[in-house]
Amino acid sequence: MSDNQSWNSSGSEEDLEPREEPGHPVGIAEFSGVLSKWTNYIHGWQDRWVVLKNNTLSYYKSQDETEYGCRGSLCLTKAVITPHEFDECRLDISVNDSVWYLRAQDPEHRHQWIDSIELHRADSGYGSESSLRRHGSMLSLTSATSGYSATSTSSFKKGHSLREKLAEMETFRDILCRQVDTLQKYFDSCADGVSKDELQRDKIVEDDEDDFPNTRTDGEFLHNNNGSKEKLFQSLSPKGINGIDFKGEAITFKATTAGILATLSHCIDLMVKREDSWQKRLDKEMEKRRRIEESYKSALNELKKKSHFGGPDYEEGPNSLINEDEFFDAVEAALDRQDKIEEQCQTEKTRIQRSSPVPPGDVYSSTGTHRFSDKVEEMVHNHMTYSLQDVGGDANWQLVVEEGEMKVYRREVEENGIVLDPLKATHSVKGVTGHEVCHYFWDTTYRNDWETTIENFNVVETLSDNAAIVYQTHKRVWPASQRDVLYLSAMRKILANNENDPDTWLVCNFSVDHDDAQPTNRCVRAKINIAMICQTLVSPPEGDKEISRDNLLCKITYVANVNPGGWAPASVLRAVAKREYPKFLKRFTSYVQEKTAGKPILF
């Protein structure tokens, strides 16, 4: 039997066929368009071509791929459509454990999609009167069947003795019914005889008055020849009217009712004796059912948690369903996984030898001529003025990490609930020059060799030999949203005012806007202002020996001002910064030492 037939209580399939009525067409035109769909916590929101047709919602990677088949579909018959409480462009569609998170371009488009979905659901017949009637019929039939089986069938399974007594009850019932019929006939005959005798008595009285003998209808005289009256009624025979033995029937009736009462009493005794046993079994079954229901609910909650834990409701934000401790644990676990992956890949990276021509030092002595020249000069001046100041005695700066020559300071700053803590690190590295450190930090050719947080990057525009605009996306650390950055990177050489002081090499990266790299819904655009400032100290070699890398010491000052662009717990951001910045600085300086070992010194 098909599913449709099982819902039809009458057994007819005609009631299930859609019928077109005047003014009410059977089908509704399909509705389609682009919606952003949450894919997973790695790729986040992605644009998809979504089609609503025949009460089914399907999606494709793009409109051009509709002929190759959909990537997924949902039947909307039992779907639950939930507009998001805070995001005016988002709607969630769930069917059992499957949930689609969708975002429209604007609230108006979301409203159109919700209306179209509800229109298709209504047209499908779900929730209509006929549908409800079929549901009710099925439930009634099921209930009746269940009730019958519970009261009749199972009763005969309670025991051999009880079944025998019930069979006896059936026999007594049949006997009693026959006896009642017999007695009823006897009573009817008696009533008819009494009526006839009364009529004959009235006639005898009239004949006495006329002194005229009469005979009965059966030929027997009521008066003898002497004129004396005989008995008015013939005495009844022992078997009574129509040969019925009334006394015998009465005795049998009494015995039958006594047998019924005795059997009922015995049945009651049996049921009372078994009541405790059945009650115990019922209690055990109820306890077993309770445990199973609890296990089912627990498993269902775990399944929902696993299937939706990576959903957008658990992303960073003030309305996130994940608490601060869970947020921190998730971020830390993701960072640990990235570290392990990086360790495995590090061996492959060291085998790849990359090189790019190093421009002469004079190229970095000026900013060059381009539309951001003034901005670059302003940033360089600010960093040379403020970033090199000693913060060791400043109460606003807190020393958060100290490992050998490296010290990391932090100044806590929040704006509108967003953490904007400036960070400053100082470090001393042997065997390298400031020019070499800045070169490997600025040149994008080597970026992927030492930077482990970047997913991909590209140079949007080259402004000059020492300045370029770079766009890069960082690897996502769930539950934090993925970040991207668009910044201008410039490398400069600042000549010392005093011949006894070392020259300063500087790379400054600061956020800018560009038409070819507009913000998208996929990533949160972060703002940065970072500087790598290096000075080379040379110790005199012994005797007439030439200067070697053993005589070099590079003083590094690294400053970072980062606006994450979105909300995340302050404690998490500060903990991640405290953990990641020292690791980055050690990883980068070790890379520079490895790249320059055995090579000519680049001053």
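- The protein is annotated in an unreviewed UniProt entry as Ceramide transfer protein from Stegastes partitus.
- Its UniProt record gives the protein a comment under Catalytic activity (unreviewed entry), which states: "N-hexadecanoylsphing-4-enine(in) = N-hexadecanoylsphing-4-enine(out)".

A closer look at the pairing of strand S8 (residues 398–403)
Step number 1: Examined bridge by bridge, S8 and strand S9 (residues 406–410) share five bridges and lie antiparallel to one another. From the neighbouring strand, Glu402 faces S9, where its bridge partner is Lys407.
Step number 2: Between the antiparallel neighbours S8 and S9 lie two residues, among them Gly404 with a positive phi of about 65 degrees.

Considering the nonpolar core
Step number 1: Counting residues in each nonpolar core, the largest one holds 36 residues, and the members touching the most others are Val437, Phe441, Met532, Tyr558, Phe584 and Phe588.
Step number 2: No other element matches helix H10 (residues 570–596), which puts six residues into this core.
Step number 3: When near neighbours in sequence (up to four residues on either side) are disregarded, Met532 contacts Val437, Cys438, Phe441, Trp505, Leu506, Val507, Ile556, Thr557, Tyr558, Phe584, Leu585 and Phe588.
Step number 4: Grouped together as the second largest cluster of nonpolar side chains are 21 residues, Leu506, Ala517, Ala531 and Ile533 included.

Considering the pattern of salt bridges
Step number 1: Inspection of every chain in the model, using the stated rule, returns 21 salt bridges.
Step number 2: A salt bridge links Arg103 to Asp87, with the nearest nitrogen and oxygen atoms 2.8 Å apart. One end of the pair, Arg103, is in strand S7 (residues 98–103); the other, Asp87, is in the loop between strand S5 (80–83) and strand S6 (90–95), and 16 residues separate them in sequence.
Step number 3: Between Arg525 and Asp484 there is a salt bridge, and its shortest N-O distance comes to 2.9 Å. Of this pair, Arg525 sits in strand S17 (residues 524–525) while Asp484 is found in strand S15 (residues 483–494), placing the two residues 41 residues apart along the sequence. Comparing Arg525 with Asp484, the two get one shared label, buried.
Step number 4: A network of salt bridges, in which partner residues are shared, links Glu287, Arg290, Arg291 and Glu294.

A word on the packing of aromatic side chains
Step number 1: As enumerated under the stated definition, the model contains 13 aromatic pairs in all.
Step number 2: Where Phe441 meets Tyr558, the ring centres are 6.4 Å apart and the plane angle is 85 degrees; that geometry is what we call edge-to-face. Separated by 117 residues along the polypeptide, Phe441 in helix H8 (residues 434–442) and Tyr558 in strand S19 (residues 552–563) bring together distant segments of the chain. You'll find Phe441 and Tyr558 in the same group, each marked buried.
Step number 3: Sitting above the plane of the Trp45 ring, Arg103 keeps its charged end 5.8 Å from the centroid.
Step number 4: It is Arg447 that lies over the ring of Phe457; its NZ or CZ is 5.7 Å from the centre.

Observations regarding the confidence of the model for the protein
Step number 1: Here the protein averages 76 in pLDDT, while 71% of its residues score no lower than 70.
Step number 2: In the model of the protein, helix H3 (residues 129–153) stands out as the element of lowest mean pLDDT, 35, in contrast to strand S16 (residues 504–511), which has the highest, 95.
Step number 3: Scored below 50 in pLDDT, residues 349–353 shows four contacts in the model against residues more than four places distant or in partner chains.

Considering unusual backbone geometry
Step number 1: Although it is not a glycine, Asn54 sits at a positive phi angle of roughly 50 degrees.
Step number 2: With respect to the helices and strands, the residue Asn54 is situated in the loop between strand S2 (44–53) and strand S3 (56–60).
Step number 3: A relative accessible area of 62% places Asn54 in the exposed class.
Step number 4: Of note in the backbone geometry, Asn55 takes a positive phi value of approximately 65 degrees without being a glycine.
Step number 5: In this structure, Asn55 sits in the loop between S2 and S3.

Regarding the environment of Arg371
Step number 1: Within the secondary structure layout, Arg371 lies in the loop between helix H6 (324–351) and helix H7 (373–387).
Step number 2: Assessed through its relative accessible area of 54%, Arg371 is described here as exposed.
Step number 3: As for Arg371 and Leu463, which are separated by 92 residues in sequence, their C-alpha atoms are 8.4 Å apart.
Step number 4: In this view, Arg371 contacts Glu461, Leu463, Ile469 and His514; residues no more than four positions away in its chain are not counted.
Step number 5: Separated by 2.7 Å, the side chains of Arg371 and Glu461 make a polar contact.

Regarding a nonpolar patch on the surface
Step number 1: A grouping of Ile268, Met271 and Val272 is seen on the molecular surface, where their side chains present a nonpolar patch of about 270 Å² in accessible area.
Step number 2: Along the chain, Met271 falls in helix H5 (residues 246–308).
Step number 3: Taking the relative accessible area as the measure of exposure, Met271 reaches 44% and is therefore partly exposed.

Quick notes on the rules
- Residues numbered from 1 in each chain as written.
- Predicted model: local features only at pLDDT ≥ 70, side-chain atom pairs only at ≥ 80, totals over all residues.
- Heavy atoms only, no water.
- UniProt positions renumbered as here; feature names shortened; annotations may be inferred.
- Pairing = 2+ DSSP bridges.
- Helix = DSSP H or I, 4+ residues; strand = E, 2+ residues; numbered from the N terminus.
- Core = buried A, V, L, I, M, F, W, Y, C linked by side-chain atoms within 4.5 Å.
- Buried < 20%, exposed > 50% of the residue type's maximum accessible area, 1.4 Å probe, protein only.
- Contact = heavy atoms within 4.5 Å.
- Salt bridge = Lys/Arg side-chain N within 4 Å of Asp/Glu carboxyl O.
- Phe/Tyr/Trp six-rings, centres within 6.5 Å; stacked < 30°, edge-to-face > 60°.
- Lys NZ or Arg CZ within 6 Å of the ring centre and 35° of its normal.
- pLDDT = per-residue confidence, 0-100.
- Polar contact = N/O pair within 3.5 Å; in protein donor to acceptor, adjacent residues only side chain to side chain.
- Patch = residues over 30% accessible without salt bridge, like charges linked within 9 Å, V, L, I, M, F, W, Y side chains within 5 Å.
- Areas by Shrake-Rupley, 256 points an atom, 1.4 Å probe, with all protein chains shown as cover.

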